[in-house]
Every structure is written in C-alpha cells, then in structure tokens.
Amino acid sequence: MQKSALDLSQIKRAQFNVQRYSASGQKILPYSRRDYYKIWIISGEGHLHYANKTIHIDRPAIVFSNPLVPYSFESAGPWGTGYMCIFTDEFFKNGSRQDILQLPPFKVGQNTVFFPTESQLPHIHELYEKMLEEINSEYQHKYDILRNYVSLLIYEVLKMEPVTSSITQHDATTRIAGLFMDLLGRQFPIDTPERILKLRKPADYAFHLSIHVNHLNHAINAVTGKSTTTHITERIINEAEALLLNTDWSVADIAYCLGFAYPTYFNNFFKKNAGRTPLSLRK
C-alpha cells in the first residue's frame, strides 16, 4: 500500500529534528536515542566524558555524536544559547550514496569535538537558524534542503580546529563497565526482522568505546564478576527467547537479525546456552 504524503512527512520528521536551547531550558541532548547521530553546539564550560578519556571544553564547541559511542557531559559553568540537530542514518542516506559513518567526525576513534573561531561561529549559527526556519515550513521538499544543510554544516566544521588533547582516565573501570552495559542495552529490542544486531563480540564493543578489548574485559569482570562474553551471550539469548515466544518470525529470520550467518549456527548457539533448541521453545 502506498504511503500518503502525511505518512512520509511523519517518517521524515522522526528521522530528523533540530532545535535551539538556552540556559533556562534544555541544556544538551543526552546520549539517549539509540539510532540518532547528533551535532550540537556547546556554549558553556564542561567536561565531555568517554570511556577512558575526558575532553575539557572551555569555549564554544561543536560536538559530533555517533549512536554507538556512549558519552556523558558534565557542566562546569553557566550556559548560553546553543543548537542541536539529530538524524538517522536512513535520513542522511536518502537521496545520497554517501555513508554517514565514512565522514571523519562520525568515525569511531576520530576527532569529534571542534572549536570554531569567532568569525566561523556566526556562520554555523546561521546554518542552524536556516534549518529551524526550514523544518517549520510547509515546503514539500524541505527535508532535501535540510539534508543539504547538514552536509554543509559537516564540511564547514571540518575547516575548524579539532580538539586533539584529552585527559586519560586511569581509574575509569566503573565508567567503562557502565558504558558497556548501556551500549549493550541499546542494541535491543530487535523490533523488526530488518534490524540487525550490530555488536556481537567484545572486540566490537571495545572498538566503539575506543579502548583495547583486554581493558574492557578487565573492567567488566572487575565490576560485575562476569566476563564480557557472558553478558553479551545472556542478552542475545534473552532476546532470542523473546522473539521466539512473542513473534511469528521464522527461526531463520531470528537468526539473521541476531547476527548469525546461518540458522544452524544460531541453533547450536541457542542449544548450548539455553539447553534446548529454538523450535522446542515454541512447542
């Protein structure tokens, strides 16, 4: 059935949003929505915390956030007015073959914080104001324009000075464990057969946390008493059981969306860890 113009508009609105914030309102968009990339302007002092490093922000900064790289922000002073936009991978790919993950600010391990100069900042503000004006318009092709504004914003920021220095947190065990558990939880639930589990191995999580896998394994075991692999396995088994009991998806579809190349691999994995076959759970 063909989607109506209203349906398409709602889908696009769910894939992109932009807003202005102030000291009296929302301060920053937290790392909360699992599928969203974010570009936001910090206009106050604070610390941006990743797994084992912290970036001190003491002047206006532009921050890029990847949905698979957890962070937290700690304010250290008064706030001014700022901007933020969020968008999904699907929104950015619509009408473009370019993969958002291939753009430098969104790559894991690359610079994600940039300091604009006093002359560059007004132009960035102007781009956000244009996005705000466009998203509130009734123009039929406004999301195509918004996509172009986001691309322009990214390439304008690439001209700026990236933040290359950070404070290494030597006692970050608890933070790493917390970020891992948060990142693990954000992979679920698997709500459509087309949604494929992206992170299945400890090395996958270590990569997105920008730490060595041995560092991750040590932190998880020290804090939880269980291995990283055990946590991942338990979560996949719980999700598999939920899908087997609450959907009519085939075992092959469930295997595929949980990251298994072949149903046989999934059957063996499930039987080893759940003590029964997937089909027996449905009887």
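Residues numbered from 1 in each chain as written. Predicted model: local features only at pLDDT ≥ 70, side-chain atom pairs only at ≥ 80, totals over all residues. Heavy atoms only, no water.

**A word on the pairing of strand β7 (residues 82-88)**
With seven of seven residues buried, β7 lies mostly within the body of the structure. Burial along β7 is two-sided: the residues Gly82, Met84, Ile86 and Thr88 and Tyr83, Cys85 and Phe87 are all buried. Pairing of strand β1 (residues 16-21) with β7 involves six bridges; the strand directions are antiparallel. Looking at β7, one finds that valine 18 is bridged to cysteine 85. (Buried < 20%, exposed > 50% of the residue type's maximum accessible area, 1.4 Å probe, protein only. Helix = DSSP H or I, 4+ residues; strand = E, 2+ residues; numbered from the N terminus. Pairing = 2+ DSSP bridges.)

**Comments concerning the sheet that holds strand β2 (residues 36-42)**
Read across the open sheet, the six strands follow the order β1-β7-β2-β5-β8-β9; overall the sheet is antiparallel. Looking at strand neighbours, the two that pair on one side only are β1 and β9 (161-162), the edges of this open sheet. Its contacts with the sheet put helix α3 (residues 121-135) on β1, β2, β5 (61-65) and β7, and the angle it makes with β1 is roughly 120°. (Contact = heavy atoms within 4.5 Å. Axes fitted to C-alpha atoms, helices over the stretch in contact; angles between N-to-C directions.)

**Concerning the pattern of salt bridges**
Tallying each qualifying case throughout the model produces eight salt bridges. Of the charged contacts in the structure, one is a salt bridge between arginine 59 and aspartate 58, with a shortest N-O distance of 3.8 Å. Of the residues examined, aspartate 58 reaches a relative accessible area of 47% and is grouped as partly exposed. Between arginine 235 and glutamate 239 there is a salt bridge whose closest N-O contact spans 3.4 Å. With arginine 235 and glutamate 239 both in helix α8 (residues 228-246), this residue pair falls four residues apart, about one helical turn. (Salt bridge = Lys/Arg side-chain N within 4 Å of Asp/Glu carboxyl O.)

**Observations concerning helix α10 (residues 263-274)**
The end-to-end C-alpha separation of α10 is 16 Å, in line with the 16 Å expected for 12 residues at 1.5 Å each. Listed in full, the buried residues belonging to α10 are Phe266, Phe269 and Phe270. Seen along its axis, α10 keeps its buried residues to an arc of 95°; they face one direction. Opposite its buried face, α10 presents the exposed residues Lys271 and Lys272, each directed more than 90 degrees away. Next to the buried residues of α10 lie α8, α9 (251-257) and α11 (278-282). Phi turns positive one or two residues past the end of α10, at glycine 275, with a value near 80°. (Expected span 1.5 Å × (residues − 1). Arc of directions from axis to C-beta.)

**Digging into unusual backbone geometry**
Across the junction of phenylalanine 188 and proline 189, the peptide omega takes the value 0°, indicating a cis bond. For proline 189, the position within the fold is in the loop between α5 (173-185) and α6 (202-209). Of note, serine 210 is a non-glycine position whose phi angle comes to about 60°, a positive value. In this fold, serine 210 is placed in the loop between α6 and α7 (213-224).

**With respect to the packing of aromatic side chains**
Using the criterion set out here, one finds 15 aromatic pairs in the structure. Plain terms: the ring middles of tyrosine 37 and phenylalanine 106 are 5.2 Å apart, the flat faces sit at 80° to each other, and that makes the pair edge-to-face. Residue tyrosine 37 is located in strand β2, and its partner phenylalanine 106 is located in the loop between α2 (89-93) and β8 (113-115); the two are separated by 69 residues in the primary sequence. Comparing tyrosine 37 with phenylalanine 106 shows no difference in burial state: the two are buried. Taking the centre distance of 6.2 Å and the plane angle of 90° together, the rings of tryptophan 40 and phenylalanine 73 count as edge-to-face. (Phe/Tyr/Trp six-rings, centres within 6.5 Å; stacked < 30°, edge-to-face > 60°.)

**A short note on the nonpolar core**
One finds Phe180, Tyr205, Leu209, Leu216, Ile236, Leu258 and Phe266 to be the most contacted residues of the largest nonpolar core, which totals 37 residues. Going through the elements one at a time, α5, α6, α7, α8, α9 and α10 are the ones with two or more residues in this core. In contact with leucine 258, other than residues within four places in its own chain, are Ile190, Leu197, Arg200, Ile236, Glu239, Ala240 and Phe266. (Core = buried A, V, L, I, M, F, W, Y, C linked by side-chain atoms within 4.5 Å.)

**Details of α3**
Taking 1.5 Å per residue, 15 residues should reach 21 Å; α3 reaches 21 Å between its end C-alpha atoms and fits that length. Those residues of α3 that sit buried are Leu121, Ile124, Leu127, Tyr128, Met131, Leu132, Glu134 and Ile135.

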